[in-house]
Each structure stands twice: as C-alpha cells, then as structure tokens.
Amino acid sequence: MQMNKPSWTILLFAALAACLALADTAHAADVPAKQLFGAKKTPANLAARSVGSYAKGCLAGGKELPVDGAYHQVMRLTRHRNWGHPALVAFVEELAEKAHQRAGWPGLLIGDMAQPRGGPMLTGHASHQIGLDADIWLNPSPDRKLSDQEREDLSAKSVLTKDMRKIDRSVWTPQHLEVIKAAASDPRVARIFVHPVIKKELCDSAGKDRAWLRQIRPWWGHHYHFHVRLSCPKGSNGCENQAAPPAGDGCGKAMEWWLSDAFFKPRPKPTKLKPELKLADLPKACTQILNAD
C-alpha cells in the first residue's frame, strides 16, 4: 500500500518549527543563566538529582519545603526559593524537630534554599544552585504563624555587637550552640558557614565533644544566619562535592587570621565584575533540566 506523501503545508510547518527551535536555542545561549532558571516556577519533572557544583549547576526533581511546618516557617515567599533536593527538604524538617526537642528552639526561620530547578539566582547568591544549600536564621520563630507580609518585612537578627568583634550576649543563648551543633552533627552535612566570631564562640563553648566543629567553617557575613551545605546525595551522578574540610576542629591557630585586623578591614570592591554564567557554562544536563516539563 502506498503511503500518502506529506503535504507542502506540513513540511512548511515542520521547517518553521525547526527554525523557531534553533532561534530559541540561540537566544538562550545569549541570556544570562540566572534569567532562564529564575523564570522557572515549577521543578523539572525528572528523577531527583543535583548536577554540577554548588556554584555552577542545577537541580532535577526538586521538592518544595512546605511554607509552614510543625517547627519551621519559610521567609521571603516572593523569592520562591524554598526548593531543594528531597534530601535537603528532609534535612531541614528533621533539624527543625531536633532543635525543638533538644534545645527548646521554638522553630526555625528558613531563608533561601534553591529555585525550583536550581541554577544561578537572579540576586544574592553565587552558590545555592544544586538544591543542597539552606540559610537558617539565627533568630527563632515567634510562637505564632507569620503573615506573608511579615515574612517579607521581618529581618534576620545579628548575634554580634555593632563592631562585629564580639558575640552580643543579649541575643546569643546556649540554645544557639545546640541548634548549630545538631545541624553539624548530621552525617549528611558537608559544611556550615558562620561568621568567624561565631566559630570562636562555638570553639570556646563546645566542651569535650568537638568532632562536629570540623564542619563549622568561618566565612564573611553569616552573623544573622548560618548556611548549611549537604554533601551530594546518592544517585546524583554529576554532582561535585567540595574537598573535605581540614582535619581537626578548626579552632585555635586555624582561627588566627579570621580574628585578626586583616579580616575586619573592608574588602575592596572588585574593579572588574565576573562575567555572568550562561547556559553553556553549566553542565550539559542543565539544558535538559531547564527545558523539561
């Protein structure tokens, strides 16, 4: 039986579709990746997978952290950054319960995690791209449900004095240590970033149980929240872990520079900005993740 040949109209539409696809691909190549991923409001309907590095990657099968949990509340809802690998969502929910039960913490306030498909963010972060980073505020949740407007307006509270050199004893409590310790003691955690003064406080107050201090890394900022970073979960082929932190608790001599005048001097602003990441700069799998249903 002879098959009917496709009509010229079908061939024309096929050619037009191909041209449009090529045009879209060319357009995407020129658009900063943060705009492409920032525009996606739903996760990629693929198996959960973190792809690439923390500062150059994307996320498949992302899961949304509920805005309200038994012991947590998500902040800055308009940013739409309460997404992560399912392992991160499970970690946050479990940490919130541990913090409440072990430290009497009223509840965690959750800042930025990741966008629905990860990738570079429109504002704020170089990392948080593969769904394994979460910012957790250092002030506890109030004993009521916050309104959407309050979640936009309420500020995270620093635990340092105004000169940034000491812990503010009117804010810091032993419960802060217990919450951070509970997070750092979880085997899924690769690092937790805190301000150097907070690291010193943890070093001074930890007592004999010090293994968890290895995961606590000093970094700029991070005096109003702590930044949790998980290791690559199983099944995330193409996910790139950082090198493990140096052996030891990271206290003592390891903290000398971080507490010196050199650290506290204002850092000069870069004279030349880094070029914005494009889709081609990310792992190839990120194109499929970006375009998936």
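Residues numbered from 1 in each chain as written. Predicted model: local features only at pLDDT ≥ 70, side-chain atom pairs only at ≥ 80, totals over all residues. Heavy atoms only, no water.

1. Quick look at the state of the cysteines
So, step 1. All told, the structure shown has three disulfides when counted by the stated rule.
So, step 2. Note that Cys-58 is cross-linked by a disulfide to Cys-286, the S-S spacing being 2.1 Å. On the S-S bond that ties Cys-58 to Cys-286, the torsion sits near -95 degrees, and the link is left-handed. Linking Cys-58 in strand β2 (residues 56–60) with Cys-286 in helix α8 (residues 285–291), this pair joins segments that are 228 residues apart in sequence.
So, step 3. On the basis of relative accessibility, which here comes to 0%, the residue Cys-286 falls in the buried class.
So, step 4. Across the disulfide from Cys-203 sits Cys-251; the S-S distance is 1.9 Å. Around the S-S axis, the bridge from Cys-203 to Cys-251 shows a dihedral of about -85 degrees and counts as left-handed. (Disulfide = S-S within 2.5 Å. Helix = DSSP H or I, 4+ residues; strand = E, 2+ residues; numbered from the N terminus. Buried < 20%, exposed > 50% of the residue type's maximum accessible area, 1.4 Å probe, protein only.)

2. Considerations on the nonpolar core
Across soluble globular proteins, nonpolar side chains show a tendency to be buried alongside one another.
So, step 1. Ranked by size, the top nonpolar core spans 48 residues in total, and within it Leu-108, Ile-192, Ile-198, Leu-202 and Phe-226 carry the most contacts.
So, step 2. Looking at this core, the elements that each hand over two or more residues are α3 (86–103), β6 (108–110), β7 (133–137), α5 (174–184), β8 (189–194), α6 (196–205) and β10 (225–230).
So, step 3. Beyond its immediate sequence surroundings of up to four residues, Ile-198 is in contact with Leu-138, Val-159, Leu-160, Ile-167, Trp-172, Ile-180, His-222 and His-223.
So, step 4. In terms of nonpolar packing, the next biggest core, distinct from the first, is built from 15 residues, Ala-44, Leu-279, Ile-289 and Ala-292 among them. (Core = buried A, V, L, I, M, F, W, Y, C linked by side-chain atoms within 4.5 Å. Contact = heavy atoms within 4.5 Å.)

3. Details of unusual backbone geometry
So, step 1. The phi dihedral of His-80 falls on the positive side, at around 60 degrees, and the residue is not glycine.
So, step 2. The phi torsion at Met-164 lies on the positive side, around 70 degrees, for a residue other than glycine.
So, step 3. Here Met-164 lies in the loop between α4 (148–153) and α5.
So, step 4. The class for Met-164 is partly exposed, based on a relative accessible area of 24%.

4. Describing the packing of aromatic side chains
So, step 1. Using the criterion set out here, one finds 10 aromatic pairs in the structure.
So, step 2. Judged by centre distance (4.8 Å) and plane angle (85 degrees), the rings of Trp-219 and Trp-220 are edge-to-face.
So, step 3. What makes Trp-219 partly exposed here is its relative accessible area of 41%.
So, step 4. Between Trp-219 and Trp-258 the ring centres are 5.9 Å apart and the planes differ by 50 degrees, which places this aromatic pair in the tilted class. With a gap of 39 residues between them, Trp-219 in the loop between β9 (216–218) and β10 and Trp-258 in the loop between β10 and α7 (261–264) connect regions that are remote in the sequence.
So, step 5. Put simply, the rings of Phe-193, Trp-219, Trp-220, Trp-257, Trp-258, Phe-263 and Phe-264 touch in pairs and so form one group of aromatic residues.
So, step 6. Directly above the aromatic system of Phe-264 lies the positively charged group of Arg-165, at a separation of 4.1 Å from the ring centroid.
So, step 7. For the cation-ring pair, Arg-229 lies above Tyr-54, with the distance from its terminal atom to the ring centre recorded as 4.3 Å. (Phe/Tyr/Trp six-rings, centres within 6.5 Å; stacked < 30°, edge-to-face > 60°. Lys NZ or Arg CZ within 6 Å of the ring centre and 35° of its normal.)

5. Thoughts on the side chain of His-72
So, step 1. Inspection of the secondary structure assignment puts His-72 in strand β4 (residues 72–74).
So, step 2. A polar contact of 2.8 Å, which involves the side chain of His-72, links it to the backbone oxygen of Pro-66.
So, step 3. Each residue touching His-72, except ones within four places of it in the same chain, is listed here: Leu-65, Pro-66, Val-67, Glu-93, Ala-96, Leu-108 and Ile-110. (Polar contact = N/O pair within 3.5 Å; in protein donor to acceptor, adjacent residues only side chain to side chain.)

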